[in-house]
Amino acid sequence: MAGSILGTQVRRVEDPDLLVGRSTFVDNLQDPDQLHAVFVRSPLAHARVASIDVAEAATAPGVVHVFTAADLVDPDRPFPRFAGVNPATERGVLSAARVRYVGDPVALVVAETLRAAVDAAELVDVDYEPLEAVADVEAALSPGAPLQFEELGSNVAGSRKDDDQSEPWPAGARVVRVRMENQRVATAPMEAHAIAARPGSVGDDAALTVHVSTQHPHGARDQLAQLTGLPPEQVRVIAPHVGGAFGGKAGVAPEHGAVVAAALALGRPVKWAETRSEAMLSMQSRGQVQYAEMGLDDDGRILGVRLRLVGDCGAYGGFGGSFVLGPTHMMVTGVYRVPALTYAAISTLTNTAPMGAFRGAGRPEAAAMIERLMDVAAAEVGLAPEEIRRRNFVAPDEFPYTTAVGTTYDVGDYDRPLTEALRVAEVDRFREEQRRRRETGAVRQLGIGIATYVEVTGFGGSEFAAIDVDAEGFATVRAGTSAHGQGHATSYAMIVADRLGIPMERIRLVQSDTAQVRSGGGTGGSRSLQIGGSAVRGTADLIYDKAVEVAAELLEASVEDIELGEDGFAVGGVPDARVSWREVAQRAHRDHDGLSDTFDFTLSAATFPFGAHVSVVEVDTETGRVTPLRHVAVDDCGTILNPLLVTGQQHGGALQGISQALWEEMVYDAEGNPLTSTFADYCIPGAPDAISFTTLNTETPTPLNPLGAKGIGESATIGSTPAVQNAVVDALSHLGVRHVDLPCTPERVWRAVRQAREGTLPDLWREPPAVFGTIPTDSEGGSVTSGAEV
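Nothing here was measured: the structure is a model prediction, and the numbers come from that model.

Peer 1: Would you mind showing me how to read the overall build of the chain here?
Peer 2: A tally of helices and strands in the chain yields 18 helices and 28 strands. Scaling as 2.2 N^0.38, a compact globule of 790 residues should have a C-alpha radius of gyration of about 28 Å, and the chain matches this with 28 Å. The dimensions of the chain, computed from C-alpha atoms along their principal axes, are 85 × 75 × 50 Å. Taking all 790 residues of the chain together, the buried fraction comes to 60%. Put simply, of all contacts in the chain between residues at least 6 apart along the chain, 80% involve residues at least 24 apart. On the chain, roughly 29,000 Å² of surface is accessible, and the fraction owed to carbon and sulfur atoms is 49%. A gap of 4 Å separates the mean positions of the 65 positive and 105 negative side-chain charges of the chain.

Written out as structure tokens, the structure reads:
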């Protein structure tokens with residue numbers, strides 16, 4: 001047989017359907033007798049609902065029913081969230097007595113047509129009694145702040161705190177301190193939330209069939225089964241083509257639950273597809289305020305780090321605010337030896353949209369924080385950014401390495417990607433140009449930024465796969481992961497083709513249907529190839545063993561002498577003794593039990609991809625505009641199965657990370673009104689804003705799975721944001737600027753330049769909120785809820 005297909009560039013088998021319009025998204029579905037749903041949402045960030053009058057809307061043309069919380073919400077059965085911070089912040093599928101953010105749904109109009117539902121929604125009359133709102137995460141922790149849930153006694157939804165909160169560095173250490181923000185962003189996938197729910201009828205296998213745009217079909221099924229009281233096996237969930245997710249479509253949301261409840265109540269199919277304005281409010285993430293301190297010796301070696309972080313949950317304890325308690329905490333030491341660390345974090349309620357996940361889910365926030373702190377430390381001790389990093393890297397011979405917070409990294413070689421990124425980016429040449437521009441006082445200054453990172457993927461856990469080879473030699477792979485752009489059909493077909501010798505065009509993937517796939521963890525946390533792919537490989541091994549026995553029977557040879565040949569099997573050393581896959585499959589189906597098997601692969605521990613990014617930017621000191629010039633990403637995701645897929649993930653991830661560094665931010669005013677909830681206001685990049693990236697890889701296989709693979713889906717996002725932010729600050733460092741918060745917008749940059757020239761630059765530090773002194777320590781019962789992997 002020819003050499004392995006693994007490690008070669010193979011074009012995505014998924015793309016033809018997408019390119020020629022054969023794909024099917026939820027909103028394309030046109031079920032006979034289908035109804036359409038539209039939500040009535042609160043225009044206020046915080047208010048009591050005095051009354052809801054639906055009489056006029058209910059009698060409008062085409063309207064079938066108008067639901068309020070009283071119709072759909074069982075007070076003893078709150079909406080089962082995908083993940084949460086605090087059970088006291090649970091909610092129903094519709095809000096009843098109180099709304100807690102702009103966009104909180106209070107009613108659901110169901111009509112024969114979408115137009116009729118939209119028109120009738122305008123007729124629902126809601127009487128609100130406004131309450132004081134708090135949108136700023138630090139203001140929410142101040143004494144006297146308005147409370148979302150009075151029974152909690154504060155806006156603290158969850159917290160963690162090391163017992164010892166003293167400075168973890170010795171007297172005489174050189175200390176740097178920075179208060180920084182990792183801003184709230186909108187996830188903004190191309191396709192918004194969408195669901196079509198159809199109640200079962202006589203003869204149906206399921207009491208409820210749901211097509212939904214989700215990352216986790218089986219998780220969504222379990223949520224909906226819990227909500228409706230139906231047995232899970234009576235709920236069928238199908239995720240057709242999904243137009244992007246990036247963490248924003250974890251499981252299902254309360255609105256999905258409302259549509260399902262309406263469909264069951266009416267006994268008819270109901271469909272809802274979110275508008276772009278709704279999607280801008282339903283999928284938001286990041287949102288941390290970070291108080292970071294580091295002690296170093298005179299040689300720039302880290303002696304200790306103290307961190308106090310505030311995570312913004314938004315309303316109802318959105319699980320994105322819990323990342324400060326889990327994934328961010330796991331990764332706060334980055335790629336460095338940190339001998340001592342003190343940590344405290346608070347998940348905070350605000351009257352803003354509930355926070356979820358976005359590409360990286362807590363790990364980008366950790367990397368941005370430690371990488372910004374390293375650059376400030378480099379300036380303090382007079383070292384180049386790459387030198388201070390190299391002095392503190394965990395060395396290759398120290399792995400597996402357990403960090404100060406107890407996270408165990410599997411394997412790494414952190415200087416390799418840094419050295420390669422510096423070389424390819426031609427940093428020395430750009431620094432010479434930077435010196436020239438500074439000497440001449442050029443308006444447009446150059447900045448060179450470096451970031452080295454490590455992240456966590458896989459998170460352990462198990463995944464299911466099945467393979468069936470039919471009598472004609474075609475293979476069907478069933479996998480519990482759920483692709484929405486990642487290229488699973490290509491990757492899994494490559495694995496099967498490599499192990500079994502079946503051509504890729506004769507392999508198909510079945511996924512994202514709970515009636516056809518026994519179980520599945522869905523897709524999130526860059527888990528799919530390393531867990532799902534390993535499950536596919538394990539199943540292929542079992543099929544191979546069965547097929548070899550049948551081939552040996554056909555060839556009248558010993559099993560030990562059978563080897564893969566061209567489109568089948570051969571006897572080693574006997575070129576003419578061969579049998580095709582079709583012949584093997586036909587014999588297996590005629591005389592045996594066919595060629596089918598299943599396998600569950602368990603990843604014993606998480607894996608830790610790493611890498612280095614170098615960014616070169618040009619900053620106009622008169623306008624504050626930042627223009628990216630060059631971006632080099634060297635990412636290590638273990639063994640690479642298909643370089644084309646890896647490059648695609650690097651390009652998409654890098655642009656999203658650059659965008660967070662420079663442009664994107666969800667902004668609320670003091671009353672909780674969203675100010676950037678359309679693409680007219682929210683600065684998402686287009687093609688003219690992008691540059692051509694240089695993406696490279698090192699390969700350090702993990703020993704934790706048979707493929708040696710780690711995740712890649714989030715890596716470039718994690719590395720790019722701090723590299724660009726560091727580049728912006730570097731461009732202004734000769735003026736005395738030491739920090740610019742994310743995003744580095746023209747206004748922020750221009751203001752920093754002006755303040756530097758006027759000698760009014762603000763201090764990098766201010767003391768954290770006083771509530772850090774009152775939250776319980778971990779040994780005193782501090783609540784730690786980490787949020788799920790998404």
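Peer 1: How should I be thinking about the nonpolar core in this particular structure?
Peer 2: One broad rule of soluble globular proteins: the nonpolar side chains tend to lie buried together. Formed by 59 residues in total, the largest nonpolar core has its most connected members in Met294, Leu307 and Tyr414. Ranked by the residues each element gives to this core, the list is headed by helix 9 (residues 363–381), at nine residues. Once you skip the residues sitting within four places of it in the chain, Tyr414 turns out to touch Val335, Phe393, Val394, Phe399, Tyr409, Val454 and Phe610.

Peer 1: What am I meant to see in empty space enclosed by the protein here?
Peer 2: Take a probe with the size of a water molecule and roll it over the atoms, and the empty space left behind shows itself. Within this structure, the stated rule accounts for two cavities of 30 Å³ or more. When its volume is computed, the largest cavity comes out at roughly 490 Å³. Of all the elements in the fold, those that place two or more residues in the lining of the largest cavity are helix 6 (254–266) and helix 7 (276–282). Looking at the lining of the largest cavity element by element, the count peaks at three residues for helix 7. Among the residues forming the lining of the largest cavity, the class breakdown is 16 nonpolar, eleven polar and six charged. Considering only enclosed or pocket space, the second largest cavity measures out at about 40 Å³ in volume. Taken together, Met331, Gly334, Val335, Arg363, Ala366, Ala367, Ile370, Glu371, Thr452, Tyr453 and Val454 form the lining of the second largest cavity. When residues of the lining of the second largest cavity are assigned to their parent elements, the largest contribution, five residues, is made by helix 9. Residue classes in the lining of the second largest cavity are distributed as seven nonpolar, two polar and two charged.

Peer 1: Would you mind showing me how to read the sheet that holds strand 18 (residues 444–454) here?
Peer 2: In a beta sheet, neighbouring strands pair by backbone hydrogen bonds and run either parallel or antiparallel. The four strands are arranged 18-26-27-28 in an open sheet whose pairing can be described as mixed. Two strands in the sheet have a free side with no partner beyond their single neighbour: strand 18 and strand 28 (694–697). Mean inter-strand twist for the sheet, computed between neighbouring axes without regard to direction, equals 10 degrees. Pairing analysis gives ten bridges linking strand 26 (residues 610–620) to strand 27 (residues 626–636), with the strands arranged antiparallel. In the sheet register, Val616 faces strand 27, and the bridge partner there is Arg630. Sitting on the sheet, helix 11 (residues 415–424) is in contact with strand 18, strand 26, strand 27 and strand 28, with an inclination near 30 degrees to strand 26. Most of the contacts of helix 17 (residues 715–732) go to strand 18, to which it runs at about 145 degrees, and overall it touches strand 18, strand 26 and strand 27.

Peer 1: In this structure, what is going on with the sheet that holds strand 14 (residues 302–314)? I would like to understand it.
Peer 2: Taken in spatial order, the five strands of this open sheet run 7-15-14-13-8, and their pairing is mixed. Every interior strand has two partners, whereas the edge strands, strand 7 (156–161) and strand 8 (174–186), have only one. Sheet twist, expressed as the mean angle between neighbouring strand axes with direction ignored, is 10 degrees. Those strands touched by helix 9 are strand 8, strand 13 (284–296) and strand 14, and its axis lies near 145 degrees from that of strand 8.

Peer 1: Honestly, the packing of helix 9 against helix 10 (residues 385–392) in this entry has me stumped. Any pointers?
Peer 2: For the pair helix 9 and helix 10, the least separation of the axes is 9 Å and the interaxial angle reads 105 degrees. The angle between the axes of helix 9 and helix 10 places the two elements in the roughly perpendicular class. On helix 10, the residues touching Glu371, Met374, Asp375, Ala377, Ala378 and Val381 of helix 9 are Pro385, Ile388, Arg389 and Asn392. Taken together, the residues of the contact of helix 9 with helix 10 sort by class into six nonpolar, one polar and three charged.

Peer 1: I tried to follow the pairing of strand 27 on my own but got confused; where do I start?
Peer 2: Here is the key point about a regular strand: its side chains alternate between the two faces of the sheet. For strand 27, the tally of buried residues reaches eight of eleven residues, placing the bulk of the element in the interior. Where strand 26 hands over to strand 27, the hairpin turn is made up of five residues, of which Gly624 adopts a positive phi near 85 degrees. As paired elements, strand 27 and strand 28 share four bridges and run parallel to each other. Pairing of Ala633 across the sheet is with Thr695, part of strand 28. Handedness of the crossover is the feature at issue here: the chain leaves strand 27, passes through helix 16 (residues 643–662), returns alongside strand 28, and the resulting connection is right-handed.

Rules used in this analysis
Residues numbered from 1 in each chain as written. Predicted model: local features only at pLDDT ≥ 70, side-chain atom pairs only at ≥ 80, totals over all residues. Heavy atoms only, no water. Helix = DSSP H or I, 4+ residues; strand = E, 2+ residues; numbered from the N terminus. Rg over C-alpha atoms; globule rule 2.2 N^0.38 Å. Buried < 20%, exposed > 50% of the residue type's maximum accessible area, 1.4 Å probe, protein only. Contact = heavy atoms within 4.5 Å. Areas by Shrake-Rupley, 256 points an atom, 1.4 Å probe, with all protein chains shown as cover. Lys, Arg positive; Asp, Glu negative; His and termini not counted. Charge placed at Lys NZ, Arg CZ, Asp CG, Glu CD. Core = buried A, V, L, I, M, F, W, Y, C linked by side-chain atoms within 4.5 Å. 1 Å grid on protein atoms, 1.4 Å probe; cavity = no way out; pocket = protein on both sides within 12 Å on 5 of 7 lines; lining within 4 Å. Points joined across faces, edges and corners; volume = space filled by probe spheres on them. Nonpolar A, V, L, I, M, F, W, Y, C, P; charged D, E, K, R; others polar. Pairing = 2+ DSSP bridges. Axes fitted to C-alpha atoms, helices over the stretch in contact; angles between N-to-C directions. Parallel < 35°, antiparallel > 145°, perpendicular 65-115°, else oblique. Right-handed = clockwise from strand over helix to strand, strands pointing away.

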